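Given next are the chains, with one letter for each unit.
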Amino acid sequence: MTESFASFAALLLALHFAAAVACGLAAMWLIRGGRTGLPARIPVLVALLAMAMWAGSVAASGPWSLASCIAESVRNIALVILIHRLFDTAGQRLSLRPIVIVLVGVELVQAMMAILTVLYAPEGSMVMHVSFILRMMVAVGALLLVHNLYAGAGAENRTGLRPIIFGLAGIWAFELNFYVISFLADGPAMEVAAFRGLVLALGALGLILGSRPDAAPIQLRPSRVAALQTISLVLVGCYLIAMIALAELLALFDGDGARLAQVGLLSGAIVLGLIWLPSQRVRALVKVVALKHFFQHRYDYREEWLRFTETIGSESTAESTLNVRILKAVADITDSRSALLFLADEDGRFLEAGYVGQLLASEPGASIPAELALVMETEGDIVDVDAIRAGKDRSGESAHLPDWIRADARCWAIVPLMHFERLVGAILLARPAEERELDWEDFDLLKLVGRQVASYLAEQAGHEALTQSAQFDQFNRRIAFVMHDIKNLASQLNLLASNAERHAEKPAFRADMLITLRTASAKLQNLIDRLGGYRSGQDGTPEPVSLHEVLTHVGKRFESGHQLDIAAPENCIVHAHQEALTQALIHIVQNAFDASEAGVPVNIEVTTDGLQARIEIIDSGEGMDAEFIRTGLYRPFVSSKNGGFGIGAFEARELIRAMGGRMEVTSRKGLGTRFVIILPLSAAAGLLGAPSAHEEQQTTPIEKVA
């Protein structure tokens with residue numbers, strides 16, 4: 001027995017001496033360089049020095065000397081403060097500061113108990129047992145903090161944090177087991193104590209690996225799972241300590257009464273556990289208590305709101321448009337990697353109006369069905385796409401969710417944008433990098449943000465309406481000058497006509513007349529060029545029009561210097577105005593050539609379904625983004641061409657509408673544009689409710705444009 005004790009004593013001396021040297025070298029490495037940008041560099045350095053001091057004291061004077069006991073308390077306090085500092089530097093204190101204060105206080109009490117144990121208490125006394133219990137309490141509390149530190153870190157940030165966590169967890173787990181064994185053995189377990197130095201050296205290695213220059217920064221992202229695990233560990237630790245303390249108290253009494261009391265307490269604890277654990281009400285109560293008192297909310301609402309308003313108000317080059325800034329601000333709240341905005345157009349359809357990140361829509365021109373929009377407007381709730389996939393349907397939105405959203409695993413939630421109980425748009429959010437379910441905090445915050453975003457959009461719409469009104473006023477003033485020029489030209493031509501009746505036979509007059517006509521013609525052409533797309537269609541009643549004939553005329557218009565490929569059946573007769581339809585097609589085809597590179601053809605394809613004709617004008621030009629299609633394409637005075645008035649697309653759409661048709665457009669930046677004109681066939685015009693001749697006389701295309 002003596003030889004075995006001497007062997008373990010020698011092993012204890014060697015391992016603790018090696019641990020002291022290792023911790024000292026690690027501290028010197030950190031002082032001389034190491035990772036200078038480490039947020040908790042000073043606490044790591046202090047912890048390493050405290051570990052070296054304790055290991056050296058054990059190697060010099062033994063593990064139970066007064067100096068070693070005090071050095072152990074200093075070491076434990078330094079390690080607890082280090083863990084707290086790791087939380088603190090990441091900005092996530094997790095409301096655990098009271099636990100840290102309690103652990104430090106317990107360790108100070110333990111230091112006094114250690115002094116009493118060394119000076120006055122014999123081995124196996126009550127003072128030594130209490131000292132062991134206090135050490136176990138500190139170890140359990142430290143493991144609780146280490147667990148929260150690891151559970152609260154995001155998956156992508158655990159790489160740099162993992163060595164420190166493993167080092168600290170190893171130290172405290174070994175300490176807990178050592179003191180449990182010592183408590184049960186009624187004295188220090190020399191066989192286990194010999195290896196404390198080795199565990200300490202391994203822990204120091206973890207601290208150094210976590211402090212290397214290429215270690216990832218610590219960014220904590222705590223979750224509710226961590227809160228529930230925290231309270232579970234607290235209950236388990238308290239139960240363990242209470243049972244040990246109670247068993248020790250009962251051991252003071254001799255006889256069968258003590259044994260009976262122990263069996264009774266154990267049986268009662270088992271019965272209470274079987275009754276308490278399955279209770280849903282108790283579990284719910286524990287969960288609420290954990291979330292309210294042991295853990296902060298998922299969101300720091302002050303920080304989130306400041307970041308939201310800062311992003312909305314920014315005017316950086318990459319986020320200059322309001323739609324993009326809105327998407328980025330909302331996506332940042334939930335850490336979503338992508339977001340897609342839908343806004344209502346003039347026809348009440350909710351169409352794609354912009355996106356950030358990866359495009360979630362698989363097809364161009366994505367939209368939200370009117371039925372789903374009605375459900376969101378009525379209920380005002382966030383649409384949880386994952387819940388719908390799982391078969392949960394709160395308000396009937398499952399039946400109207402588009403298949404492309406349901407099938408795309410990236411789609412996570414749809415946020416309604418409500419303004420005065422009216423739905424003005426919606427935002428489709430992609431799931432965040434850290435997989436999780438939507439909860440009540442997400443719902444409340446996103447609903448509030450959705451209303452704020454809707455107010456921004458409404459304010460922008462009102463501002464644009466005022467701007468457009470001012471532009472129309474400016475246009476009216478311009479037209480007054482144009483009319484003045486036309487009046488002067490008309491007067492000049494009238495005078496020329498009246499003089500021609502008397503002097504037409506004179507050569508000098510004829511020469512002067514030709515000069516005047518050329519000048520007037522040049523002035524008129526200049527006015528036409530200035531007005532550009534302001535011209536309207538011709539008056540007339542709807543009649544059967546051959547699309548083949550109209551497209552042939554359009555093709556001849558562009559046969560010089562352009563390649564226009566037309567595929568149309570010869571017997572396709574539509575209900576339309578021939579001149580107005582020709583004018584609308586010429587404008588769209590001209591825009592297609594303007595957007596395409598020289599020599600690149602533009603295609604026109606005509607198909608029918610028995611009721612309607614579908615004319616598709618397709619180019620491979622620059623394309624347009626969804627926001628410009630929604631807000632600028634059909635808006636007067638907004639043009640993507642230099643010097644353009646921006647009224648041509650608006651005029652073309654109104655001309656098509658006046659014939660009982662409609663015009664649609666899909667486009668992608670860099671891929672090209674597809675304009676689609678849909679007109680009723682002449683034979684089916686009555687079935688489709690196309691405008692009659694009487695209605696056309698009441699409202700002509702010119703009046704619609706005006």
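Every value quoted in this text rests on a predicted model; they were computed, and no experiment measured them.

*Asks:* What is the right way to read the sheet that holds strand β8 (residues 564-567) from this model?
*Replies:* The strand order across the open sheet formed by five strands is β8-β10-β11-β13-β12, and the pairing between neighbours is mixed. Strand pairing shows two members of the sheet lacking a second neighbour, β8 and β12 (662-668), which therefore form its edges. Across this sheet, the average inter-strand angle for adjacent strands is 15°, counted without regard to direction. In this fold helix α19 (residues 547-557) packs onto β8, β10 (602-608) and β11 (612-619), with an angle of close to 175° to the strand it touches most, β8.

*Asks:* When you look at the side chain of S57 in this model, what are you seeing that I'm missing?
*Replies:* Structurally, the position occupied by S57 is in helix α2 (residues 41-61). Since its relative accessible area comes to 13%, S57 is described here as buried. If sequence neighbours within four positions are ignored, S57 has contacts with G62, S65, A67, S68 and A71.

*Asks:* Explanation requested: the nonpolar core in the structure shown.
*Replies:* Here is a general trend for soluble globular proteins: nonpolar side chains tend to be buried in one another's company. Within the largest apolar cluster, 62 residues are counted, with the highest numbers of intra-cluster contacts made by L48, M51, L168, W172 and L207. Those elements that provide at least two residues to this core are α1 (2-32), α2, α3 (66-89), α4 (97-119), α5 (126-151), α6 (158-184), α7 (190-193) and α8 (196-210). When residues in this core are grouped by element, the largest group, 13 residues, is from α5.

*Asks:* Where do I start with the pattern of salt bridges in this structure?
*Replies:* For the structure on display, the rule yields 19 salt bridges. The salt bridge involving E72 is made with R75; its shortest N-O contact spans 3.9 Å. Here R75 and E72 lie together in helix α3, a separation of three residues that amounts to about one turn. E72 sits in the buried class, given a relative accessible area of 1%. A relative accessible area of 1% means that R75 is categorised as buried. One connected set of salt bridges, linked through shared partners, spans E72, R75, E107, R135, E175 and R196.

*Asks:* Honestly, the packing of aromatic side chains in this entry has me stumped. Any pointers?
*Replies:* Each aromatic ring pair is specified by the distance between its two centres and by the angle formed by the two planes. The final tally for this structure, using the stated rule, is six aromatic pairs. A ring pair is formed by F132 and Y179, whose centres lie 5.8 Å apart and whose planes are at 50°; its orientation type is tilted. You can see F132 sitting in helix α5 and its partner Y179 sitting in helix α6, a full 47 residues away along the chain. Here F132 and Y179 have matching classes, each one buried. Seen in terms of ring centroids, F558 and F593 are 5.6 Å apart; in terms of plane orientation they differ by 35°. Their pairing is tilted. Residue F558 is located in the loop between α19 and β8, and its partner F593 is located in helix α20 (residues 578-595); the two are separated by 35 residues in the primary sequence. In this structure, F558 and F593 share a single accessibility class: buried. Taken together, the aromatic side chains of F132, F178 and Y179 make up a single cluster linked through ring pairs.

Quick notes on the rules
All chains use their own residue numbering, which begins from 1 and follows the written sequence. For a predicted model such as this one, the threshold for reporting local features is a pLDDT of at least 70, and the threshold for listing and counting side-chain atom pairs is 80 or more; totals across whole chains, interfaces and linings nevertheless cover every residue. Side-chain descriptors were evaluated using all non-hydrogen atoms of the structure, hydrogens and water having been removed beforehand. Any two strands with at least two DSSP-identified bridges between them are counted as paired. Helix and strand assignments come from DSSP, with helices taken as H or I runs of at least 4 residues and strands as E runs of at least 2, each series counted from the N terminus. Simply put, an axis is a line fit to the C-alpha atoms, just over the touching stretch for a helix, and the angle between two N-to-C directions goes from 0 to 180 degrees. Whether two residues are in contact is decided by their heavy atoms, any of which lying within 4.5 Å being enough. Relative accessibility under 20% of the residue-type maximum defines a buried residue, over 50% an exposed one, and the middle range a partly exposed one, all with a 1.4 Å probe and only protein chains included. In these notes, a set of buried Ala, Val, Leu, Ile, Met, Phe, Trp, Tyr and Cys residues joined through side-chain atoms within 4.5 Å is what counts as a nonpolar core. A carboxyl oxygen of Asp or Glu within 4 Å of a side-chain nitrogen of Lys or Arg is what we treat as a salt bridge. Two rings belonging to Phe, Tyr or Trp (six-membered ring only in the last case) form a pair when the distance between their centres is within 6.5 Å. Interplanar angles under 30 degrees mark stacking, angles over 60 mark edge-to-face geometry, and anything in between is tilted.

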